[in-house]
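# Observations on chain architecture
The chain contents come next:
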Amino acid sequence: MIRLLAAALLACTSLASAEDLLHRLTWEEYLGTLSHWCQKHPKLARLEARGVSGQSMPVYLLKITDAAVPAADKQVCLVTALHSGPERTGATGALALAEWLLSDDPLAAETRRRQIVLIMPVVNPLAMFYTDRFRNEHGVDPYTGTGRIGKVLDAKTLSLTKPEEAPELAAVLSVIDEYQPEVHADLHGTGLQEYAPNQLGTRRMYRGQIMTEVTGGAYSNFTLRPWDWRVTEAMIAAGEAAGFPSDRFEADAQRTLWGPDLAALGGRLWHGMPLFYTAHYGYAKYHTMVLTQEVAWEQSLVARMQGLMRIGNGKWGDESAPGYPVNRMRHFVGHYVTATGKDASSRRASRVELWNRQSGFSLGFLYPQTEGRESLVVATTAAARKLVAVDDLPALRVNLRTAFGEKAAGIERFIEDGPEIKLAMEHSKPQLLAAPTSAETPLKHGIGFRLRLPCREPRNLKVRLNGEVHAFESWFADGFTQIQVNVSADKARTMELFFITCSYQPVEKRAAAWMPPKEVQAKYATAKLDATPATLTDLPYGDHFRQTLDVWLANSTKPTPLIFYIHGGGYAAHDKTDIHQHLDVADLLKAGVSVASINYRFLVDANAANVDPPVQWPLRDAARALQFVRSKAAEWNIDKKRVAATGVSAGGCSSLWLAMHDDMADAKSADAIARESTRVLFTVTKAPQPSLDPRQLVEWIPNSQYSGHLFGYKQKTRPDSFAPFLANRDKHAEDIQRYSPMAHATADDPPVYMTGKADKPPVKGEAQTDPSHSILLGMMLEDMLKPLGVTCELHHPMDGKPQPEMQELLLQHLITSKP
């Protein structure tokens, strides 16, 4: 690995004075030290030669533990210096660690009682004592598992392709295979790795030669770190307490990690890569937690490793048994399959078995998750995966009866008592069904499951496994009540599907119920919206996402009249839920009136699709939605002939367009919806635009500004878009004739009831404060309809009469209409 060394590192060591040079450890001193420790501490230390490196130099393993304490409940921590040799402080740091572990320090003594620490200080002795290069005599780098051409440690088979060329690697792998450690800490450091051959001189480091220390990972490979950042932080804190700071990789560099889809960002990413190195061997085979460290000072390494040893000696944050956090074998959204066992060795056996089986498991839970209820489903075989490959809960219940017989009743009751809608599995149904049926053997070492409840002291806690009451452990940690369900080896051998249900009563009173400010709620009638849920919500009447409607169906033995509501917003804003700002749906239902409220495509949607003029989309959507509602008349118990259209502003314009337009039903269409009528019984509108003809508008209201944007003029403001529309009015004559409501006025049009704005007596030809919503627009419509004999009733603040609400007018004329 390339190291960033101080500028002084480039100076030739042969030029430094003898007192400025550090001692260079010899092979004889190294072996003598290991032998001395074993002779001095025969009950604590044992030395083994695990292989033979170049020049017949043994690769030694120093095993440190208290032999007087049984090994069954001990954690195993492996410490290596895979780049020992040129990175000398990694090797000497390992020796300093061993020296501390054999000391009388209380933490060292506790570690010896609770752990087996395996130390391989010099994995590549030829490099350490002779060459100061990374590779062995065959060109193999023990750290990366790379030979002269490609990898010698194959990630797919987890085997050495040329073991004869990598005896150092073989030695390390043999230790991992024998002990299946919980943790593998690989140590690196500074030395002569960047010195050219002609700079090596006496091959002695100079006093004060250091490097930036890092904890838990490697600069080149961000996967060589603990999966839990809290482990790294505990080690860093221990180092800082001893006076040694650590770099935190991408966190300190303030960069995100690299990934294939992010490769285009190049120089903006953290430069480390996810690579398969030797230390990953233990993770791949045994779920060993790996970490690396850069060492400048041996005392720093010892301090940081003491932080790690404390974790192995004690209970991890949310675990009930002591040891390193390595026992979760598979996960799905906060639900876990865990190792199980009465001591460390039995948990290790369970961990290794489950780790090598878990890729064939599939996890799931009842969805959505619900307060007071939790579940976990684990299918461990292909046959079990097929049982949970279901589309709905009724189908699941059938399969559970097949799997568990009468015992399934406990699960069925749990499902019946809850609001969940489905079983959410981590794999899709096709994936579950396609699971290959192989020679799946029963689990030999048991299996555990972890659920976490988001409360402190749940009451009436009940746990069932496959419908039957089952023992469990519970404790509060890490903000959750942890629920651990362990299934013994004998019982696990007889099971393939594990269905855990957990019911409880939380003490905490919490709700995900943020609400807008009171002023906003009042403006948008939030209370009415929540109090009157639709019978059917977001029902599509077209393919576009805006083409949906809500329906409230009145309870009646006879077909009910219906109010068809179209929201306003200039065909550019608002939503069907704004019906509650203008109508009291609950009172309408009590009066025996059903209600529909629609969304429709906006002008922006039409413009994006190059529709000309864009106004045709919202208008034609109103017609289609009305036809859709009528097509459901029999199913929804609606009287097709008693449908009133209503709306505010642009919604009123659409309502009037439907009322005045000839029936758009196509009796010959193959589409049953298109054969329905678009006529309405009457309209009740508030501040609508009955005309979209700019010439007609300015005749009545000189400062008119509405309608240019409806015909494709996209200036920033309505006045800016109205002026060119007026100037080019005749070019749009045909479209105005199609889409302006008044252009369709005839003697057979239904009655019109309208309310509008007026802050002064309305007079034709006078400018208005709100020209787009003035009652003068209603008077313009009245001027056209009355000669045709069509009822046009206007209400405004200046008429000297009580002002009726839209709801009052709707009910008045619907109730009096004949079925």
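For clarity, every value in this text was computed on a predicted model and none was experimentally measured.

### Observations concerning the overall build of the protein chain
Scanning the protein chain for helices and strands turns up 27 helices and 27 strands. Counting only contacts in the protein chain whose residues sit at least 6 apart along the sequence, the fraction spanning at least 24 positions is 74%. Here the protein chain displays about 35,600 Å² of accessible surface, and carbon together with sulfur accounts for 54% of that area. Charged side chains of the protein chain number 89 positive and 92 negative; the gap between the two group centres comes to 3 Å.

### Overview of the nonpolar core
In terms of nonpolar packing, the biggest core is built from 48 residues, with Tyr-30, Ile-119, Met-305, Leu-308 and Tyr-324 touching the most fellow members. Residue contributions to this core peak at eight residues, all from helix 2 (residues 88–101). Dropping the residues within four chain positions of it, Tyr-324 is found in contact with Gln-75, Cys-77, Gln-115, Glu-182, Val-183, Met-289, Leu-308, Met-309, Ile-311 and Gly-312. Counting residues in each nonpolar core, the second largest holds 40 residues, with Leu-549, Phe-602, Phe-711 and Tyr-713 among its members.

### A look at the packing of helix 6 (residues 229–241) against helix 9 (residues 298–313)
Running from amino to carboxyl end, helix 6 crosses helix 9 at an angle of 135°, the nearest separation of the two axes being 7 Å. On the basis of the axis angle, helix 6 is oblique to helix 9. You can see that helix 6 and helix 9 cross each other, and the crossing is right-handed. In this structure, helix 6 uses Val-231, Ala-234, Met-235, Ala-238 and Gly-239 to contact helix 9, whose residues at the interface are Ala-303, Arg-304, Met-305, Gly-307, Leu-308, Arg-310 and Ile-311. Of the residues contributing to the contact of helix 6 with helix 9, the split by class is eight nonpolar, two polar and two charged.

### Things to note about the environment of Ala-284
Note on placement: Ala-284 falls in helix 8 (residues 280–286). For the pair Ala-284 and Thr-256, spaced 28 residues apart in the sequence, the C-alpha separation amounts to 25 Å. The residues contacting Ala-284, other than those within four sequence positions of it, are Leu-158 and Trp-355.

### A word on the sheet that holds strand 11 (residues 362–367)
As summarised here, the arrangement of the six strands in space is 13-11-12-19-15-16, forming an open sheet in which the pairing is antiparallel. At either end of the open sheet lies a strand with only one pairing partner, and these are strand 13 (422–425) and strand 16 (468–469). Summarising the sheet, strand 15 (residues 459–465) and strand 19 (residues 497–505) pair through five bridges and their orientation is antiparallel. Following the sheet pairing, Arg-464 is matched in strand 19 by Thr-501.

### Details of helix 12 (residues 393–404)
With twelve residues, helix 12 should reach 16 Å at 1.5 Å per residue; the first-to-last C-alpha distance of 16 Å fits that figure. Leu-393, Leu-396, Asn-399, Leu-400 and Phe-404 are the residues of helix 12 that are buried. Down the axis of helix 12, the buried side of the element spans an arc of 115°, and every buried residue falls inside it. Those residues of helix 12 that are exposed and angled more than 90 degrees off the buried face are Pro-394, Val-398 and Thr-402. Here the buried face of helix 12 lies against strand 11, helix 11 (382–387), helix 13 (409–417), strand 13 and strand 19. For helix 12, the capping residue at the N-terminal end is Asp-392, with a side-chain oxygen 2.9 Å from the backbone nitrogen of Ala-395. Within two residues after helix 12, Gly-405 carries a phi angle of roughly 65°, on the positive side.

### Some thoughts on the side chain of Lys-576
As for its placement among the helices and strands, Lys-576 is situated in the loop between strand 22 (560–566) and helix 18 (585–590). Among residues more than four places away in sequence, those in contact with Lys-576 are Asp-538, Thr-548, Leu-549, Asp-550, His-567, Ser-597, Ile-598 and Asn-599.

### As for unusual backbone geometry
Cis geometry is adopted by the peptide bond preceding Pro-368, which originates at Tyr-367 and carries an omega value of 0°. Along the chain, the position of Pro-368 falls in the loop between strand 11 and strand 12 (373–379). Of note, the bond from Asp-612 into Pro-613 is cis; its omega dihedral lies within 30 degrees of zero at -5°. Within the fold, Pro-613 resides in the loop between helix 19 (603–608) and helix 20 (616–631).

### Side note on the pairing of strand 10 (residues 335–338)
Neither face of strand 10 is open: one carries His-335 and Val-337, the other Tyr-336 and Thr-338, and all of them are buried. Pairing geometry for strand 9 (residues 328–332) and strand 10, over four bridges, is antiparallel. By the bridge assignment for strand 10, Arg-330 is matched with Val-337. Following strand 9, the chain reverses through two residues before pairing antiparallel with strand 10; Val-333 in that reversal takes a positive phi of roughly 50°.

### Points about the sheet that holds strand 17 (residues 473–477)
Strand order across the open sheet formed by five strands is 9-10-14-18-17, with antiparallel pairing between neighbours. Both edges of this open sheet fall to strand 9 and strand 17, since each of them pairs with a single strand only. Strand-to-strand twist in this sheet, taken as the mean axis angle between neighbours without regard to direction, amounts to 25°. In this structure, strand 17 lies alongside strand 18 (residues 480–487), joined through five bridges in antiparallel fashion. The residue of strand 18 that forms the bridge with Trp-475 is Gln-482. Running over the sheet, helix 10 (residues 344–357) touches strand 9, strand 10 and strand 14 (447–453) and is turned about 45° from strand 9.

### Some remarks on the state of the cysteines
Counted by the stated rule, this structure contains zero disulfides. Looking at Cys-38, it has no disulfide partner, and the nearest cysteine sulfur is the one in Cys-77, 18 Å off. Residue class for Cys-77 comes out buried when judged on its relative accessible area of 0%.

### Some details on the environment of Thr-80
Positionally, Thr-80 belongs in strand 3 (residues 75–80). The spatial distance from the C-alpha of Thr-80 to the C-alpha of Pro-694 is 85 Å, given a sequence separation of 614 residues. Excluding residues that lie within four positions of it along the chain, Thr-80 makes contacts with Met-120, Val-123, Val-172, His-184, Ala-185, Asp-186 and Leu-187.

### Points about the confidence of the model for the protein chain
Interpretation of the predicted coordinates at a detailed level should be avoided for regions scoring low in pLDDT. Residues at a pLDDT of 70 or more form 98% of the protein chain, whose mean pLDDT is 94. Between residues 1–15, whose pLDDT stays under 50, and residues either more than four places distant or in other chains, the model counts 38 contacts.

### Describing the layout of surface pockets
The gaps of empty space that remain are located by a probe, the size of a water molecule, rolled over the atoms. Estimates place the volume of the largest pocket at around 610 Å³. Elements that contribute at least two residues to the lining of the largest pocket include exactly helix 8, strand 8 (289–295) and strand 9. Among the elements that line the lining of the largest pocket, the one with the most residues is strand 9, at four residues. Among the residues forming the lining of the largest pocket, the class breakdown is eleven nonpolar, seven polar and seven charged. Reported here for the second largest pocket is a volume of approximately 360 Å³. Looking at the lining of the second largest pocket, the element that brings in the most residues is helix 2, giving three residues.

### As for the pattern of salt bridges
If you walk through the whole model with that rule in mind, you get 47 salt bridges. Of the charged contacts, one joins Arg-351 and Glu-182 as a salt bridge, the two residues approaching to 2.6 Å between their closest N and O atoms. Of this pair, Arg-351 sits in helix 10 while Glu-182 sits in the loop between helix 5 (167–179) and strand 7 (183–189), and the two are 169 residues apart along the sequence. Assessed through its relative accessible area of 0%, Arg-351 is described here as buried. In this structure, the salt-bridge partner of Glu-412 is Arg-397, at a minimum N-O distance of 3.3 Å. Note that Glu-412 is positioned in helix 13 and Arg-397 in helix 12, a separation of 15 residues in sequence. A relative accessible area of 10% means that Glu-412 is categorised as buried. A single salt-bridge network, built from bridges that share partners, covers Arg-397, Arg-401, Glu-406, Glu-412 and Glu-416.

What counts, and at which threshold
Residues numbered from 1 in each chain as written. Predicted model: local features only at pLDDT ≥ 70, side-chain atom pairs only at ≥ 80, totals over all residues. Heavy atoms only, no water. Helix = DSSP H or I, 4+ residues; strand = E, 2+ residues; numbered from the N terminus. Contact = heavy atoms within 4.5 Å. Areas by Shrake-Rupley, 256 points an atom, 1.4 Å probe, with all protein chains shown as cover. Lys, Arg positive; Asp, Glu negative; His and termini not counted. Charge placed at Lys NZ, Arg CZ, Asp CG, Glu CD. Core = buried A, V, L, I, M, F, W, Y, C linked by side-chain atoms within 4.5 Å. Buried < 20%, exposed > 50% of the residue type's maximum accessible area, 1.4 Å probe, protein only. Axes fitted to C-alpha atoms, helices over the stretch in contact; angles between N-to-C directions. Parallel < 35°, antiparallel > 145°, perpendicular 65-115°, else oblique. Left-handed = near helix turned anticlockwise from the far one by under 90°. Nonpolar A, V, L, I, M, F, W, Y, C, P; charged D, E, K, R; others polar. Pairing = 2+ DSSP bridges. Expected span 1.5 Å × (residues − 1). Arc of directions from axis to C-beta. Polar contact = N/O pair within 3.5 Å; in protein donor to acceptor, adjacent residues only side chain to side chain. Disulfide = S-S within 2.5 Å. pLDDT = per-residue confidence, 0-100. 1 Å grid on protein atoms, 1.4 Å probe; cavity = no way out; pocket = protein on both sides within 12 Å on 5 of 7 lines; lining within 4 Å. Points joined across faces, edges and corners; volume = space filled by probe spheres on them. Salt bridge = Lys/Arg side-chain N within 4 Å of Asp/Glu carboxyl O.

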